[in-house]
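What the coordinates show
These are the residues of each chain, in order.
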Amino acid sequence: MTSRTEGIVLRSRTLGEADLIIEYLTKDFGTRSAFAKSPRKIKSRFGGSLEPFTYARIALTGREDANLPKLTQSDIIRSFHPLRENIPVFLKACQFAELALKLLPSDGRNNPDAFALLLWGLDGLEKDPASALVPLVFKMRLMELAGYAPALNGCARCGGQAQVFYPRDGALLCGGCKKGKKEGPALGLSAALIAMHKSLSAFPLEKLSRIKPSGALLTELERFVELHFTEGVNVHIRSAKF
Ligand SMILES: [Zn+2]
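Below, the structure is looked at part by part. Throughout this description, residue numbers start from 1 for each chain and increase along the sequence as written. Since the coordinates come from a predicted model, pLDDT governs what is reported: local features require at least 70, and pairs of side-chain atoms require 80 or more to be given and counted, while whole-chain, interface and lining totals use all residues. Side-chain measures were taken over the full set of non-hydrogen atoms in the model, leaving aside hydrogen atoms and water.

**Examining the pairing of strand β3 (residues 31–36)**
Here six bridges tie strand β2 (residues 19–26) to β3, and the two strands are oriented antiparallel to one another. Residue pairing across strands places Tyr24 opposite Arg32, the latter belonging to β3. Note on pairing: DSSP must find at least two bridges between two strands before they are called paired. Only DSSP runs of H or I reaching four residues or more are called helices, and only runs of E reaching two or more are called strands; each is numbered from the N terminus. Between β2 and β3, which pair antiparallel in sequence order, lie four residues; one of them, Gly30, sits at a positive phi of approximately 65°.

Structure, rendered in structure tokens:
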């Protein structure tokens, strides 16, 4: 059977001499790998549509349970060509793709919010390659979609006042509730940071450019999101494998 959807190329690797395996984030089936037979030999058929970050209308053919269907059609909707023209921008886009592959389950379930987020992120990067906000919001929202939203509404245990974040708990904890627990990294968060984090999480993506955090707040947010990712999310992903 053949399924048709829209997909964004996250990554591709060669298989044998001329074949390719392409990993997509699709509009209807979450992340999905497909096999392209000798794309270099039949260049006219796929054109440049297998390049990283290309947004294309695709058709996948194979048994429904096949984990590697064959790509039988790929028509470019948007090439995102400028993202491949400049190394620093290319690396940022690669990070988006890597995070999507790492955080999103490949269980075939529809994940329209993740698809919309990636499109938004690539579009934002193409329009403003120097934007600090786009990579930050992409990472924040992807973590949330993958079930790793930080709990920032007071102490996660007692509900009292708390402003110290413990990434391994993924939450704010007050001094009383933290007592006696194993030591781990922690970061004090300002009230302004917590409020800005909430706005950036909740605001519709298409209107997000209206929010303009100060440089200092942006730096503080980046540090927080990075710590939450490396010490919280990454540790949990690794441990979930065992
Ligand atoms: Zn508490």
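Still more ground to cover, so stick around.
**Focus: unusual backbone geometry**
Among all residues except glycine, the phi angle is most often negative; among peptide bonds, the trans geometry is most common. Even without being glycine, Phe53 reaches a positive phi, approximately 75°. Tracing the backbone through its elements, the reader meets Phe53 in the loop between α1 (43–46) and β4 (55–61). Buried residues are those whose accessible area, probed at 1.4 Å on protein chains only, stays under 20% of the maximum for their type, while exposed residues exceed 50% and partly exposed ones sit between those limits. On the accessibility criterion, Phe53 (2% relative accessible area) is buried. Despite not being glycine, Phe80 shows a phi value in the positive range, around 50°. With respect to the helices and strands, the residue Phe80 is situated in the loop between β5 (70–78) and α2 (87–103).

**Overview of helix α6 (residues 191–202)**
Any helix carries an expected span of 1.5 Å times its number of residues minus one. Its twelve residues give α6 an end-to-end C-alpha distance of 17 Å, which sits within 8% of 16 Å, the value for a rise of 1.5 Å per residue. Inspection of α6 places Leu193, Ile194, Met196, His197 and Leu200 among the buried residues, and these make up the whole buried set. Along the axis of α6, the buried positions cluster into a sector of 165°, meaning they face one direction only. In this structure, α6 carries Ala191 and Ala202 as exposed residues pointing more than 90 degrees from its buried face. Comment: arc refers to directions from the helix axis out to C-beta atoms.

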